[in-house]
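Tertiary structure, described
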Amino acid sequence: MANRKKLRILISFLKDKSSIIKATFSTSIHRAILRATNHATCTPPSDHHIDTVFSLGSQNSLSARTTVEALMGRLHGTSNANVGLKCLFVLHNVIINGSVVLKDQLFVYPSNGLKLSTFRDGLDSYTWELSDWVRWYAAVLEETLIVYWILGDFDNKKKKIKFLTESNSELLKGMDVLLSYVDELSNSPESLHLQINSLVYEIVRLVGEDYRFVQREIFARVDEIKNRVPSFSLTELTRTELALNRLESCKKRLSLLFINRARNDRLWELVSEAKGNVLGMINEKQQSMVLVKFKSQNVAELTQLNYLTSAGSCRLLLRG
């Protein structure tokens, strides 16, 4: 097994050299991406390499499209877990810190996802476990793109104002988008011990920063939901209860992933409070519905009794 690993390292080194030689006859963008996503180490791409990719890819829409296509080509053309994670890491940095022109090209490119659900690096048990992180990271980034695309930036002051103009349905739809992100985040690989890998550690740190933004957005929406509970229909209340249960079900797994970083205890307290309000209002509306039904039945029975009494009186009069 040790000889096999050494052979793979040598082959990976030769692949990188070969790719860079080929890229010499291509573009500086391709060379920059190859350097940022090399096979050699399990360390994350350096700031210098990422900045170089950004600089070359932000000159105009053509350079941006070339950069995104080259990154996607590198990502889908590898079976090496380290290379896959590095490509995703660069893409993640584009989402967070990339120029507007780069982000625009990235948002329109993956029309049906990053397509890494079957990724496998079968060299050994370590790379097999590392492959789980590639698939998870890709799924998280797909949800990240959706959050950014639908909800935009996470400026809470602006969002709070926007909430006031949103319908209940729109408010809950935005909540569903955020919950899909949190769901995917909580489906992290079982091999949490691999965070000793500096690349995986840096990925989790970067994802944790996104999660803090998402927490703030969820907090603002849950707070608004809590204020609107009296105006919700029974259907909206039931939908909200399911959403809050779904969120709470992710809590334990998220705490394991981030090792209690980004805990935000106040968020979970607010979720519990909002859930209590929702359940109380559901109970109140259900009791009201039972009371209305009971009154309707009584009215119907009374109407029928009056009809029968009147009919009986008429028959007596006719006989008389």
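Residues numbered from 1 in each chain as written. Predicted model: local features only at pLDDT ≥ 70, side-chain atom pairs only at ≥ 80, totals over all residues. Heavy atoms only, no water.

**What about the pattern of salt bridges?**
Short version of the rule: Salt bridges are defined by distance alone: a side-chain nitrogen of Lys or Arg within 4 Å of a carboxyl oxygen of Asp or Glu. Note on conventions: DSSP H or I runs of at least 4 residues are helices, E runs of at least 2 residues are strands, and numbering of each starts at the N terminus. The classification of residues rests on relative accessible area computed with a 1.4 Å probe and restricted to protein chains. Under 20% of the type maximum is buried, over 50% is exposed, and intermediate values are partly exposed.
In the structure shown here, the tally under the stated rule is 13 salt bridges. When the shortest N-O distance is used, the salt bridge between Arg253 and Glu190 registers 3.9 Å. In this pair, Arg253 is assigned in helix α12 (residues 251-257) and Glu190 in the loop between α9 (168-186) and α10 (198-228), connecting sequence segments 63 residues apart. What makes Glu190 exposed here is its relative accessible area of 70%. The closest approach of N and O atoms between Lys275 and Glu248, which form a salt bridge, is 3.0 Å. Placement of Lys275 in helix α13 (residues 265-319) and of Glu248 in helix α11 (residues 234-248) is noted, with a sequence separation of 27 residues between them. The exposure class assigned to Glu248 is partly exposed, which follows from its relative accessible area of 29%.

**Brief notes about the environment of Val100**
Of note, Val100 is situated in helix α6 (residues 100-108). Judged by its relative accessible area of 61%, Val100 falls in the exposed class. Val100 sits 36 residues away from Ala64 along the chain, and the two C-alpha atoms are 9.6 Å apart.

**Things to note about the packing of helix α5 (residues 81-97) against α6**
Applicable threshold: Interaxial angle, 0 to 180 degrees, is taken between N-to-C directions of lines fitted to C-alpha atoms, where a helix line uses only the stretch in contact. Our angle categories are set so that under 35 degrees counts as roughly parallel, over 145 as roughly antiparallel, 65 to 115 as roughly perpendicular, and the remainder as oblique. For any pair of crossing helices, the crossing counts as left-handed if the nearer helix is rotated counterclockwise from the farther one by less than a right angle, and right-handed if it is rotated clockwise. What makes two residues a contact is simply this: any of their non-hydrogen atoms within 4.5 Å. Three residue categories are used. Nonpolar comprises Ala, Val, Leu, Ile, Met, Phe, Trp, Tyr, Cys and Pro, charged comprises Asp, Glu, Lys and Arg, and polar comprises the others, including Gly.
Direction vectors running N to C along α5 and α6 enclose 120°, while the axes themselves pass 8 Å from each other. Our classification of the angle between α5 and α6 gives oblique. In terms of crossing hand, the pair formed by α5 and α6 is left-handed. Note on element contacts: α6 touches α5 through Leu102, Lys103 and Leu106, opposite Leu91, Val94, Ile95 and Ile96. Taken together, the residues of the contact of α5 with α6 sort by class into six nonpolar, no polar and one charged.

**Points about the side chain of Asp124**
Let me state the cut-off plainly: Within 3.5 Å is the distance limit for a polar contact, defined as a pair of N or O atoms, with the added protein rule that one can donate a hydrogen and the other accept it, and that residues adjacent in sequence qualify only through two side-chain atoms.
Inspection of the secondary structure puts Asp124 in the loop between α6 and α7 (125-151). Engagement of the side chain of Asp124 in a polar contact is seen with the backbone nitrogen of Thr127, the distance being 2.9 Å.

**Description of α9**
To be explicit about the condition: One less than the number of residues in a helix, times 1.5 Å, gives the span that helix is expected to have.
The end-to-end C-alpha distance of α9, which contains 19 residues, comes to 27 Å, matching closely the 27 Å that a straight helix rising 1.5 Å per residue would cover. Within the sequence span of α9, burial applies to Asn168, Leu171, Leu172, Gly174, Met175, Val177, Leu178, Leu179, Tyr181, Val182, Leu185 and Ser186.

**Details of the side chain of Glu166**
Within the secondary structure, Glu166 is located in the loop between α8 (156-165) and α9. Since its relative accessible area comes to 11%, Glu166 is described here as buried. In this structure the side chain of Glu166 is engaged in a polar contact, spanning 3.5 Å, whose partner is the side chain of Arg221.

**What about the packing of helix α4 (residues 61-76) against α5?**
Packed helix pairs are characterised by how far apart their axes lie and by the angle those axes make with each other. Interhelical geometry of α4 versus α5 gives an angle of 155° and a closest axis separation of 9 Å. Between α4 and α5, the angle is such that the two are roughly antiparallel. As α4 runs across α5, the sense of the crossing is left-handed. Across the interface between the two elements, Leu71, Met72, Arg74 and Leu75 from α4 touch Val83, Gly84, Cys87, Leu88, Val90 and Leu91 from α5. Broken down by class, the residue content of the contact of α4 with α5 amounts to eight nonpolar, one polar and one charged.

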